Amino acid sequence: MTEEKTTGLSRRRFFKWVGGASLLAIGGQAFFFLRSCIPNVLYEPVKRIKVGLPNVFPQGHKFLSAFRIFVFKEEKGMHTVSCVCTHLGCNVQISEFSQPRKVKHGDEEVEETFEFVCPCHGSKFRADGTNYCGPAPTPLPHYKMEIAQDDGQVVVDKGEEVDKNARLKVEA
Ligand code: FES
(Lines give C-alpha, C1' and ligand atoms only; values in the text may rest on other atoms or scores of the structure.)
Protein backbone atom coordinates (compact mmCIF):
# COMPACT_ATOMS: atom_id res chain seq x y z
CA MET A 1 0.00 0.00 0.00
CA THR A 2 2.78 2.38 0.86
CA GLU A 3 4.49 1.46 -2.39
CA GLU A 4 1.31 2.31 -4.43
CA LYS A 5 0.99 5.68 -2.66
CA THR A 6 4.59 6.49 -3.41
CA THR A 7 4.18 5.52 -7.07
CA GLY A 8 0.94 7.59 -7.40
CA LEU A 9 2.55 10.65 -5.86
CA SER A 10 5.67 10.45 -7.97
CA ARG A 11 3.56 10.06 -11.16
CA ARG A 12 1.51 13.14 -10.22
CA ARG A 13 4.68 15.03 -9.42
CA PHE A 14 6.19 13.89 -12.71
CA PHE A 15 3.20 15.18 -14.73
CA LYS A 16 3.21 18.44 -12.79
CA TRP A 17 6.86 18.85 -13.64
CA VAL A 18 6.29 18.05 -17.33
CA GLY A 19 3.33 20.49 -17.45
CA GLY A 20 5.36 23.25 -15.80
CA ALA A 21 8.32 22.69 -18.10
CA SER A 22 6.04 22.76 -21.16
CA LEU A 23 4.47 26.02 -20.06
CA LEU A 24 7.90 27.48 -19.48
CA ALA A 25 9.07 26.37 -22.94
CA ILE A 26 5.97 27.80 -24.66
CA GLY A 27 6.31 31.04 -22.69
CA GLY A 28 9.99 31.30 -23.66
CA GLN A 29 9.25 30.67 -27.32
CA ALA A 30 6.48 33.28 -27.27
CA PHE A 31 8.83 35.79 -25.65
CA PHE A 32 11.60 35.23 -28.21
CA PHE A 33 9.08 35.38 -31.08
CA LEU A 34 7.66 38.70 -29.87
CA ARG A 35 11.16 40.06 -29.17
CA SER A 36 12.22 39.20 -32.73
CA CYS A 37 9.42 41.45 -34.03
CA ILE A 38 11.03 44.48 -32.37
CA PRO A 39 14.20 45.65 -34.16
CA ASN A 40 17.29 46.36 -32.07
CA VAL A 41 18.19 49.30 -34.27
CA LEU A 42 16.05 52.23 -35.40
CA TYR A 43 16.54 52.79 -39.11
CA GLU A 44 15.09 56.30 -39.09
CA PRO A 45 17.60 58.85 -40.34
CA VAL A 46 18.99 61.21 -37.75
CA LYS A 47 16.95 64.39 -37.77
CA ARG A 48 19.06 66.78 -35.66
CA ILE A 49 22.47 67.28 -37.18
CA LYS A 50 25.45 69.27 -35.94
CA VAL A 51 27.04 70.78 -39.02
CA GLY A 52 29.91 72.78 -37.55
CA LEU A 53 30.67 76.17 -36.03
CA PRO A 54 29.10 79.17 -37.79
CA ASN A 55 32.51 80.53 -38.80
CA VAL A 56 33.33 77.44 -40.91
CA PHE A 57 30.59 78.44 -43.35
CA PRO A 58 31.58 80.82 -46.12
CA GLN A 59 29.31 83.67 -47.22
CA GLY A 60 27.05 82.14 -49.84
CA HIS A 61 26.20 78.49 -49.73
CA LYS A 62 27.74 75.15 -48.81
CA PHE A 63 26.34 71.81 -49.98
CA LEU A 64 26.43 69.08 -47.36
CA SER A 65 25.90 65.98 -49.47
CA ALA A 66 25.86 63.56 -46.52
CA PHE A 67 22.84 65.37 -45.09
CA ARG A 68 21.31 66.39 -48.44
CA ILE A 69 21.05 70.05 -47.50
CA PHE A 70 22.32 73.42 -48.65
CA VAL A 71 23.42 75.71 -45.83
CA PHE A 72 23.31 79.40 -46.70
CA LYS A 73 25.10 82.17 -44.85
CA GLU A 74 24.11 85.68 -45.82
CA GLU A 75 23.92 89.14 -44.30
CA LYS A 76 20.53 88.42 -42.72
CA GLY A 77 21.73 85.16 -41.15
CA MET A 78 21.85 81.47 -41.93
CA HIS A 79 19.24 79.14 -43.35
CA THR A 80 19.04 75.58 -44.63
CA VAL A 81 17.25 74.29 -47.71
CA SER A 82 16.71 70.64 -48.55
CA CYS A 83 18.32 69.45 -51.78
CA VAL A 84 15.77 66.66 -52.18
CA CYS A 85 13.56 67.33 -55.17
CA THR A 86 9.91 67.14 -54.18
CA HIS A 87 9.07 65.22 -57.37
CA LEU A 88 10.90 61.89 -56.97
CA GLY A 89 13.74 62.73 -54.62
CA CYS A 90 16.77 63.43 -56.82
CA ASN A 91 19.34 65.93 -55.56
CA VAL A 92 18.72 69.38 -56.97
CA GLN A 93 21.72 71.50 -57.91
CA ILE A 94 22.39 75.21 -57.74
CA SER A 95 22.50 76.93 -61.11
CA GLU A 96 24.12 80.37 -60.90
CA PHE A 97 22.85 83.08 -63.27
CA SER A 98 25.34 84.99 -65.36
CA GLN A 99 23.45 88.14 -64.33
CA PRO A 100 21.04 88.71 -61.43
CA ARG A 101 17.38 88.25 -62.38
CA LYS A 102 14.36 90.01 -60.97
CA VAL A 103 11.68 87.53 -59.93
CA LYS A 104 8.30 87.89 -58.24
CA HIS A 105 7.86 86.42 -54.77
CA GLY A 106 4.16 87.01 -54.24
CA ASP A 107 3.69 90.77 -54.49
CA GLU A 108 7.36 91.43 -53.90
CA GLU A 109 9.96 91.65 -56.66
CA VAL A 110 13.41 90.43 -55.64
CA GLU A 111 16.74 89.99 -57.35
CA GLU A 112 18.10 86.47 -57.48
CA THR A 113 21.51 85.22 -58.50
CA PHE A 114 20.73 81.50 -58.72
CA GLU A 115 18.01 78.88 -58.81
CA PHE A 116 17.75 75.21 -57.96
CA VAL A 117 17.51 72.79 -60.89
CA CYS A 118 16.71 69.10 -60.74
CA PRO A 119 18.72 67.07 -63.24
CA CYS A 120 16.22 64.18 -63.30
CA HIS A 121 13.08 65.67 -64.85
CA GLY A 122 13.90 69.34 -65.08
CA SER A 123 12.04 70.87 -62.15
CA LYS A 124 13.20 74.34 -61.21
CA PHE A 125 12.93 76.16 -57.92
CA ARG A 126 13.47 79.82 -57.06
CA ALA A 127 16.26 80.73 -54.65
CA ASP A 128 13.71 80.61 -51.80
CA GLY A 129 12.81 77.04 -52.76
CA THR A 130 9.53 77.82 -54.49
CA ASN A 131 8.80 75.37 -57.31
CA TYR A 132 7.94 77.15 -60.54
CA CYS A 133 8.72 74.80 -63.44
CA GLY A 134 8.52 71.05 -64.08
CA PRO A 135 6.77 68.24 -62.24
CA ALA A 136 7.87 69.06 -58.66
CA PRO A 137 4.60 69.57 -56.78
CA THR A 138 5.81 71.54 -53.76
CA PRO A 139 8.65 73.87 -52.70
CA LEU A 140 11.95 72.66 -51.24
CA PRO A 141 11.58 72.66 -47.46
CA HIS A 142 13.58 74.93 -45.16
CA TYR A 143 14.72 73.42 -41.88
CA LYS A 144 14.98 74.85 -38.38
CA MET A 145 18.47 75.90 -37.30
CA GLU A 146 19.83 76.73 -33.87
CA ILE A 147 23.09 77.02 -32.00
CA ALA A 148 23.98 74.05 -29.74
CA GLN A 149 24.27 75.09 -26.09
CA ASP A 150 27.17 72.74 -25.36
CA ASP A 151 29.66 73.56 -28.12
CA GLY A 152 28.29 76.43 -30.20
CA GLN A 153 27.87 74.38 -33.37
CA VAL A 154 25.05 75.00 -35.80
CA VAL A 155 22.31 72.40 -35.46
CA VAL A 156 19.96 71.66 -38.35
CA ASP A 157 16.70 69.98 -37.40
CA LYS A 158 15.44 68.09 -40.43
CA GLY A 159 12.40 67.07 -38.44
CA GLU A 160 11.11 70.63 -38.28
CA GLU A 161 10.30 72.74 -41.31
CA VAL A 162 10.28 76.51 -40.97
CA ASP A 163 9.14 79.46 -43.02
CA LYS A 164 11.35 80.26 -46.00
CA ASN A 165 12.14 83.67 -44.48
CA ALA A 166 13.35 82.28 -41.13
CA ARG A 167 17.01 83.05 -40.44
CA LEU A 168 19.44 82.07 -37.71
CA LYS A 169 21.30 85.16 -36.54
CA VAL A 170 25.04 84.53 -36.24
CA GLU A 171 28.18 86.64 -35.94
CA ALA A 172 29.54 87.40 -39.40
S1 FES B 1 12.99 64.04 -59.35
FE2 FES B 1 13.27 66.13 -59.66
S3 FES B 1 12.04 66.60 -61.33
FE4 FES B 1 11.73 64.51 -61.03
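The structure under discussion appears in the preceding block.
About the criteria used
Residues numbered from 1 in each chain as written. Predicted model: local features only at pLDDT ≥ 70, side-chain atom pairs only at ≥ 80, totals over all residues. Heavy atoms only, no water. Helix = DSSP H or I, 4+ residues; strand = E, 2+ residues; numbered from the N terminus. Rg over C-alpha atoms; globule rule 2.2 N^0.38 Å. Lys, Arg positive; Asp, Glu negative; His and termini not counted. Charge placed at Lys NZ, Arg CZ, Asp CG, Glu CD. Disulfide = S-S within 2.5 Å. Buried < 20%, exposed > 50% of the residue type's maximum accessible area, 1.4 Å probe, protein only.

A. Examining the overall build of the protein more closely. Along its length, the protein carries one helix and ten strands. Secondary structure elements of the protein occur, N-terminal to C-terminal, as α-β-β-β-β-β-β-β-β-β-β. For 172 residues, the compact-globule estimate of 2.2 N^0.38 gives 16 Å, and the C-alpha radius of gyration of the protein, at 31 Å, exceeds that figure by more than 25%. If one aligns the C-alpha atoms of the protein with their principal axes, the spans along those axes are about 110 × 40 × 25 Å. Between the averaged position of the 23 positive side-chain charges in the protein and that of its 21 negative side-chain charges there is a distance of 11 Å.

B. Focus on the state of the cysteines. Per the counting criterion, the structure on display carries one disulfide. One disulfide in the model links Cys-90 with Cys-120; its S-S distance is 1.9 Å. For the disulfide bridge between Cys-90 and Cys-120, the dihedral angle about the S-S bond is near -95°, and by the sign convention the bridge is left-handed. Taken together, the residues Cys-90 in the loop between β4 (77-82) and β5 (93-105) and Cys-120 in the loop between β6 (108-117) and β7 (124-125) connect sequence positions 30 residues apart. Classification of Cys-120 as partly exposed rests on a relative accessible area of 36%. Looking at the unpaired Cys-133, the closest cysteine sulfur is the one in Cys-118, lying at 11 Å.

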